[in-house]
Amino acid sequence: FLLNCTGLLQEVVYLVSQGADPDEIGLMNIDEQLPVLEYPQPGLDIIKELTSPRLIKSHLPYRFLPSDLHNGNSKVIYMARNPKDLVVSYYQFHRSLRTMSYRGTFQEFCRRFMNDKLGYGSWFEHVQEFWEHHMDANVLFLKYEDMHKDLATMVEQLVRFLGVSYDKAQLESMVEHCHQLIDQCCNAEALPVGRGRVGLWKDIFTVSMNEKFDLVYKQKMGKCDLTFDFYL
């Protein structure tokens, strides 16, 4: 079960859990392999019929998740990204989808983000809810930036958490495959200004926007001990 995962993480998790080849992933529609819990398609009836272990995505807040997750009967992988890069990537995502067709400015979009006026509600509440459970045995809380800083350690965490086994050579090969996926994501020309990069926000935030964002972040996250890398 994957929560709030990026497209990149879902591919890495699929790769690790299935022992798949990155070229194979490139040829498939990964979204069909990892249905979204709250979407009308394919729907809960189809999801229930999937063979175990099932990989299911969701962006729902912790409190709205199925009781199996709260009771520890299913595993949860949650990935958080530093909110400055996140809001830039989220803006570009909204701009790229015809169904969203967002045509406002980034400044307006960022203001909506800071005021909790985007889909799925407040990012600040969302991430803190899951952080409160990061020590639960059935929860693996990951940070997007750590995938870029130390991918090998993250792959090892995923292998242990998912209960799959690889020998040393297989693990090294898996890490290399995951590196290939990340390089493809962060260097893909189809992605606007490398949406997967860490430190993306520095290309678009003005000084005044950054100061305002820091103030809101401190107000909303001040009591939380979760920290982020805003650049590497």
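Under an unreviewed UniProt entry, the name given to the protein chain is Sulfotransferase, and the source organism is Zonotrichia albicollis.

Quick look at the pairing of strand β4 (residues 139-143) now. Across the five residues that make up β4, a large majority, five, are buried. Of the two faces of β4, the one lined by V139, F141 and K143 and the one lined by L140 and L142 are each fully buried. The sheet contact formed by strand β3 (residues 76-80) and β4 spans five bridges and is parallel. Its bridge partner being in β4, A80 is matched across the sheet by K143.

Here the focus is helix α10 (residues 151-162). Taking 1.5 Å per residue, 12 residues should reach 16 Å; α10 reaches 16 Å between its end C-alpha atoms and fits that length. Buried residues of α10: L151, M154, V155, L158, V159 and F161, and no others. Immediately beyond the C-terminal end of α10, within one or two residues, lies G163, with a positive phi of roughly 70 degrees.

Looking now at the packing of helix α1 (residues 7-18) against α10. Running from N to C, α1 and α10 point in directions that differ by 55 degrees, and their axes come no closer than 10 Å. Relative to α10, the element α1 lies oblique. As α1 runs across α10, the sense of the crossing is right-handed. Across from V12, V13, V16 and S17 in α1, the residues of α10 making contact are V155, L158, V159 and L162. Of the residues assigned to the contact of α1 with α10, the class counts are seven nonpolar, one polar and no charged.

Its place among the elements puts L171 in helix α11 (residues 168-187). Ignoring sequence-local partners within four residues, the contact set of L171 consists of V155, E156, V159 and Y166.

Turning next to unusual backbone geometry. The residue after Q41, namely P42, is reached through a cis peptide bond having omega 5 degrees. Cis rather than trans, the peptide bond between S52 and P53 has omega equal to 0 degrees. Its place among the elements puts P53 in the loop between α4 (44-49) and β2 (57-58). Phi angles above zero are rare outside glycine, and D116 is one such case at about 60 degrees. Positionally, D116 belongs in the loop between α7 (106-114) and α8 (123-131). D116 sits in the partly exposed class, given a relative accessible area of 25%. In the Ramachandran plot, Y120 falls in the positive-phi region, its phi being about 75 degrees despite a non-glycine side chain. With respect to the helices, strands and loops of the structure, Y120 is situated in the loop between α7 and α8. On the basis of relative accessibility, which here comes to 36%, the residue Y120 falls in the partly exposed class.

Moving on, we come to the nonpolar core. General note: in soluble globular proteins, nonpolar side chains tend to be found buried as a group. In this structure, V87, V127 and F205 are the most contacted members of the largest nonpolar core, which totals 39 residues. Counting residues per element, the ones that place at least two in this core are β3, α6 (83-96), α7, α8, β4 and α12 (207-221). Those residues in contact with V87 that lie beyond four places of it in its chain are F106, F109, C110, F113, F205 and F213. Of all hydrophobic cores here, the second largest spans 28 residues; its members include M154, L158, V159 and M174.

Another point: the environment of H70. Looking at the element boundaries, H70 is found in helix α5 (residues 67-70). Under the relative-accessibility criterion, H70 is labelled partly exposed at 33%. In this view, H70 contacts Y62, R63 and L65; residues no more than four positions away in its chain are not counted.

Here the focus is the packing of α6 against α7. At a minimum axis distance of 10 Å, the contact between α6 and α7 shows a crossing angle of 120 degrees. One element, α6, and the other, α7, form an angle in the oblique class. Read as a crossing pair, α6 and α7 show a hand that is right-handed. Seen from α6, the contacting residues are P83, L86, V87, V88, Y90, Y91 and H94; seen from α7, they are F106, F109, C110 and F113.

Reading the values: rules and limits
Residues numbered from 1 in each chain as written. Predicted model: local features only at pLDDT ≥ 70, side-chain atom pairs only at ≥ 80, totals over all residues. Heavy atoms only, no water. Buried < 20%, exposed > 50% of the residue type's maximum accessible area, 1.4 Å probe, protein only. Helix = DSSP H or I, 4+ residues; strand = E, 2+ residues; numbered from the N terminus. Pairing = 2+ DSSP bridges. Expected span 1.5 Å × (residues − 1). Axes fitted to C-alpha atoms, helices over the stretch in contact; angles between N-to-C directions. Parallel < 35°, antiparallel > 145°, perpendicular 65-115°, else oblique. Left-handed = near helix turned anticlockwise from the far one by under 90°. Contact = heavy atoms within 4.5 Å. Nonpolar A, V, L, I, M, F, W, Y, C, P; charged D, E, K, R; others polar. Core = buried A, V, L, I, M, F, W, Y, C linked by side-chain atoms within 4.5 Å.

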